[in-house]
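Close look at the chain arrangement
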Amino acid sequence: MKLTKRNRKELKKIAVVLALIGAVFLWAAQNIGFPIATNVKQGRIQVIDVSSYNGRVNWKKVKDQKINHAMLRIGTGMHEKSKGKEDTLFSANYRNASYAAIHTGVYYYSYASTKEEAEKEAEHCLSLLKKYGIQPSDLDLPVAFDIEEKDVFDTGKENVSEITVAFCEKIKKAGYTPMIYSSASAFKNHFIYDKIKKYEIWVAHYTDASSPAIPFLYLMWQFTCSASIEGANTKDGRCDVNYYLV
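A brief structural summary. (Residues numbered from 1 in each chain as written. Predicted model: local features only at pLDDT ≥ 70, side-chain atom pairs only at ≥ 80, totals over all residues. Heavy atoms only, no water.)

In terms of helices and strands, the protein carries 8 helices and 9 strands. Looking at the protein as a whole, 43% of its 246 residues qualify as buried. Look at the contacts in the protein between residues 6 or more apart in sequence, and 64% of them connect residues 24 or more apart. On the protein, roughly 13500 Å² of surface is accessible, and the fraction owed to carbon and sulfur atoms is 53%. (Helix = DSSP H or I, 4+ residues; strand = E, 2+ residues; numbered from the N terminus. Buried < 20%, exposed > 50% of the residue type's maximum accessible area, 1.4 Å probe, protein only. Contact = heavy atoms within 4.5 Å. Areas by Shrake-Rupley, 256 points an atom, 1.4 Å probe, with all protein chains shown as cover.)

This is the structure we're talking about:
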C-alpha cells in the first residue's frame, strides 16, 4: 500500500513519541529503578543525608546498595550576609527521590544566634516546604534543625536551648515532626536536655563503638561522614551515613 503524505507525517509523529517514551524509560531505568523493600538489621535502617555537596544523586545506584531512606538538606539559615538560602539541589533531590520511592526527611542548617532568628529560620524552612507542596504526610522522616556553629554554642546553654526550642516549636505547630541534629559532644556540653528531650534527637558521633557516646535517648545516629555510597558521593568520594532506629 502506498503511503500518502499525511500517512508519512503521522508515522513520523508516532516514531517521535515512541523515541521519547524510550528515552524516558531508559533514563528511569538508569537513574530511578524499581522500589525496594526497606533493609532492617538489628532494629535499624541505613539513611544517607545529602546536600548540594553530593551533586546530583543517582537514586538507583543508592538503592543498589539497599538504601532507600534519605535526609535532604532543604536550606541554610540566617547570618550576617544572608537571609537564608534554599539548597541549590533540593528541588532535584526531592523530586527524583520521590520518583524513586525513597523515604525522605529534610534538614535545615542553622546560623541563628537568637530565638528571633531561629523563628525566622523555621518560617523560611516552612516556606520552602510549602513551595514544593510538601505536606507532613509526604515525609517519612522528620524535619531536622541542624545546629553546630561554634559561635552559636559560645552564647551559652540557655540560649542554645532556647534557639532550638523556638525552631522546633514552629515546625511542630505546622504539623511536622521536629528533630535536632548536633554532635555527641555538643549535646552533652551545649544543651539543657530537659528543654529539648521532647524532640527527636539525631546525633553525630564517628566511632567504632556500637552506639554513640550520648547519655540520653536518640532516634538517629550519624556514624560516619566518609562512607562511599555510589551515586551519592561528594567530589571527595564521601557520603554521610546514619542508623535510624525502628
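Let's pick the thread back up.
Here we come to helix H6 (residues 157-173). Over its 17 residues, H6 runs 24 Å from end to end, which matches the ideal 24 Å to within 8%, given 1.5 Å per residue. All of the buried residues along H6 are Asn-159, Val-160, Ser-161, Ile-163, Thr-164, Ala-166, Phe-167, Cys-168 and Ile-171. Directly beyond the C-terminal end of H6, a positive phi value near 100° is found at Gly-175. (Expected span 1.5 Å × (residues − 1).)

Its place among the elements puts Thr-76 in strand E2 (residues 69-76). According to the relative accessible area criterion, Thr-76 is buried, its value standing at 15%. Separated by 34 residues in sequence, Thr-76 and Ser-110 place their C-alpha atoms 6.0 Å apart.

A few words now on unusual backbone geometry. Not every positive phi belongs to a glycine, and Lys-66 is a case in point at roughly 65°. For Lys-66, the position within the fold is in the loop between helix H2 (59-63) and E2. Within the chain, Ala-101 stands out as a residue other than glycine whose phi angle is a positive 60°. Residue Ala-101 is classed as partly exposed on the basis of its relative accessible area, which comes to 33%.

Applying the stated rule across the entire model yields 14 aromatic pairs. Seen from their ring centres, Phe-90 and Tyr-132 are 5.7 Å apart, and the 65° between their planes marks the pair as edge-to-face. Taken together, the residues span a long stretch of sequence, with Phe-90 in helix H3 (residues 90-99) and Tyr-132 in the loop between helix H4 (115-131) and strand E5 (143-146) at a distance of 42 residues. Linked through ring pairs, Phe-153, Phe-187, Phe-191, Tyr-193 and Phe-216 together constitute an aromatic cluster. (Phe/Tyr/Trp six-rings, centres within 6.5 Å; stacked < 30°, edge-to-face > 60°.)

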